[in-house]
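Chain by chain, the residues run as shown.
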Amino acid sequence: MTDTFFDDRAIRFAEKIYGNAKGAIRLAVLQADLKEALPERSLRVLDIGAGLGHMALWLAEQGHSVTLAEPSAPMLEGARQRFAEAGLEATFIEAPWQELSEQLTTRFDLVICHAVLEWLAEPHTILPVLSRLTAPDGLLSLAFYNRDALIYRNLLKGHFKKLKRQEYAGEGKGLTPQQPLDPRELERAMSSRWQIVTRSGVRVFHDYMPVEFQGKVNEADLIEMELAHRRHPTFAGLGRYLHWICQPGALEE
């Protein structure tokens, strides 16, 4: 298995991820978490796997100095266009995460790694790189596809044979990640380098709603409820994605 890039799927990816309520909820949760966590000063930001630059552009609009790293040329070109249309500047690097330690000599106040790990052949191998690129007093914003949520959704559908075979292929015609992460395994892998400061669920209930109900709900009300319940002790772990904000340093025993 190799890492997955989006060279031939950039447009469909954009339409699928950001063209509906799912994308709006995702951005709203990530942005709300970062607004709470970030200091009120200009930061050096690195967005790894920046895609079409939605999060990077939002951070640039807040006055931060942003570097976008993306291995897919079509995706990176889409990000360039978004920045050009907004009249904002950024640094664009066309490279996979494996090359970033060599290309970047500085450390960043904020490292963004959203929806990247689940597309990697060996997800945990990126963790030392994230550590090297984050300043000692910086933050890591990590969002990943949640294995628990996928299992729960399959349980609700009665896909028991599929679960017994541990087949997690989705219905997204190649756009559903095939390597959902077990949050407990990921936390153990991170424990020697990171402390998790905040934990939020992204889409903690939307994806479980019957389709006919999804279509009837006002999007603003939907986002309001998702934000209100993103850290609920019962519902947060059911988020289709989990968003952790982490700071360098192992937990003291």
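For the structure itself, consult the block above.
Below is a summary of the structure that appears in this document. (Residues numbered from 1 in each chain as written. Predicted model: local features only at pLDDT ≥ 70, side-chain atom pairs only at ≥ 80, totals over all residues. Heavy atoms only, no water.)

### Topic: the nonpolar core
Selection rule: Joining through side-chain atoms within 4.5 Å is the link that ties buried Ala, Val, Leu, Ile, Met, Phe, Trp, Tyr and Cys residues into a set, and such a set is a nonpolar core. Burial classes: relative accessible area under 20% of the type maximum marks a residue as buried, over 50% as exposed, and values in between as partly exposed (1.4 Å probe, protein chains only). A run of H or I in DSSP becomes a helix once it reaches four residues, and a run of E becomes a strand once it reaches two; helices and strands are each numbered from the N terminus. Any two residues having at least one pair of non-hydrogen atoms within 4.5 Å are treated as being in contact.
Residues Leu100, Ile126, Leu130, Leu140, Leu142, Leu186 and Met190 are the most contacted members of the largest nonpolar core, which totals 30 residues. Put simply, the parts of the chain that give this core at least two residues each are β1 (44–48), β4 (108–114), α6 (127–133), β5 (134–145), α9 (183–190), β6 (194–202) and β7 (241–248). If you tally residues by element for this core, the top one is α6, at 4 residues. In this structure, leucine 142 is in contact with Cys113, His114, Leu117, Leu130, Leu186, Met190, Leu242, His243 and Trp244, ignoring residues within four places of it in sequence. If you look at the next biggest cluster of nonpolar residues, it comprises 23 residues, including Leu27, Leu34, Trp58 and Ile245.

### Concerning helix α4 (residues 73–86)
What counts is decided by this rule: What a helix is expected to span follows from its residue count: subtract one and scale by 1.5 Å. This arc is taken over the directions from the axis of the helix to the C-beta atoms.
Between its first and last C-alpha atoms α4 spans 20 Å; for 14 residues at 1.5 Å apiece the expected length is 20 Å, and the two agree. Here α4 has its buried residues at Met75, Leu76, Gly78, Ala79 and Phe83. Projected down its long axis, α4 shows its buried positions confined to an angular sector of 155°, all on one face. Opposite the packed face of α4, turned more than 90 degrees from it, sit the exposed residues Ala84 and Glu85. Looking at the residues trailing α4, positive phi occurs at glycine 87, about 70°.

### Thoughts on the pattern of salt bridges
Under the convention used in this document: By definition here, a salt bridge exists when the distance from a side-chain nitrogen of Lys or Arg to a carboxyl oxygen of Asp or Glu is within 4 Å.
A full pass over the atoms with the stated rule returns 11 salt bridges. The closest approach of N and O atoms between aspartate 33 and arginine 231, which form a salt bridge, is 2.9 Å. In this pair, aspartate 33 sits in helix α2 (residues 21–37) while arginine 231 sits in the loop between α11 (219–229) and β7, placing the two residues 198 residues apart along the sequence. What makes aspartate 33 buried here is its relative accessible area of 0%. Salt bridges sharing common partners tie together Asp33, Glu36, Arg230 and Arg231.

### A short note on the packing of helix α3 (residues 54–61) against α4
How we decide: Helix axes are fitted to C-alpha atoms over the stretch in contact, other axes to C-alpha atoms as well, and angles between N-to-C directions run from 0 to 180 degrees. Here is the rule for angles: anything less than 35 degrees is roughly parallel, anything more than 145 is roughly antiparallel, 65 through 115 is roughly perpendicular, and the remaining ranges are oblique. Crossing chirality is assigned from the near helix's rotation relative to the far helix, an anticlockwise turn below a right angle marking it left-handed and a clockwise turn marking it right-handed. In this classification, Asp, Glu, Lys and Arg are treated as charged, Ala, Val, Leu, Ile, Met, Phe, Trp, Tyr, Cys and Pro as nonpolar, and every other residue, Gly included, as polar.
Taken N-terminus to C-terminus, the directions of α3 and α4 make an angle of 25°; their axes are 10 Å apart at the nearest point. When the axes of α3 and α4 are compared, the pair comes out roughly parallel. Regarding α3 and α4, the two cross each other, and that crossing is right-handed. For the pair α3 and α4, contact is made by His54, Ala56, Leu57 and Ala60 and by Arg82, Phe83 and Ala86, respectively. Residues of the contact of α3 with α4, tallied by class, amount to 5 nonpolar, 1 polar and 1 charged.

### Considerations on unusual backbone geometry
Of note in the backbone geometry, alanine 115 takes a positive phi value of approximately 55° without being a glycine. Turning to its location among the elements, alanine 115 is positioned in the loop between β4 and α6. Looking at alanine 115, the relative accessible area reads 15%, which means it is buried. Phi is positive for arginine 203, close to 65°, though the residue is something other than glycine.

### Here's the deal with the packing of aromatic side chains
To keep it simple, the criterion reads: When the centres of two rings from Phe, Tyr and Trp lie within 6.5 Å, Trp using its six-membered ring, the rings pair. Their planes under 30 degrees apart give stacked, over 60 give edge-to-face, and anything left gives tilted. Placement of a positive charge over a ring is assigned whenever Lys NZ or Arg CZ falls within 6 Å of the ring centre and within 35 degrees of the normal to the ring plane.
Within the structure shown, the criterion is met by 4 aromatic pairs. Relative to tyrosine 208, the ring of tyrosine 152 lies with its centre 5.3 Å away and its plane at 65°, an arrangement referred to as edge-to-face. Separated by 56 residues along the polypeptide, tyrosine 152 in helix α7 (residues 147–157) and tyrosine 208 in the loop between β6 and α10 (211–214) bring together distant segments of the chain. Directly above the ring of tyrosine 241 sits arginine 26, whose terminal nitrogen or CZ lies 5.1 Å from the centroid. Over the ring of tryptophan 244 we find arginine 199, and its NZ or CZ is 5.4 Å from the ring centre.

### Overview of the sheet that holds strand β3 (residues 91–93)
Under the convention used in this document: We call two strands paired when DSSP finds no fewer than two bridges between them.
Pairing in this open sheet of 7 strands is mixed, and the strands run β3-β2-β1-β4-β5-β7-β6 from one edge to the other. On the outer flanks of this sheet lie β3 and β6, each paired with one strand and no other. Each strand of the sheet is rotated relative to its neighbour by a mean of 15°, with strand direction disregarded. The sheet contacts of α4 involve β2 (65–69) and β3, and relative to β3 the element is tilted by about 170°. Against the sheet, α9 engages β5, β6 and β7, with an angle of about 10° to β7.

Take it as geometry only, folks, not as evidence of what the structure does.
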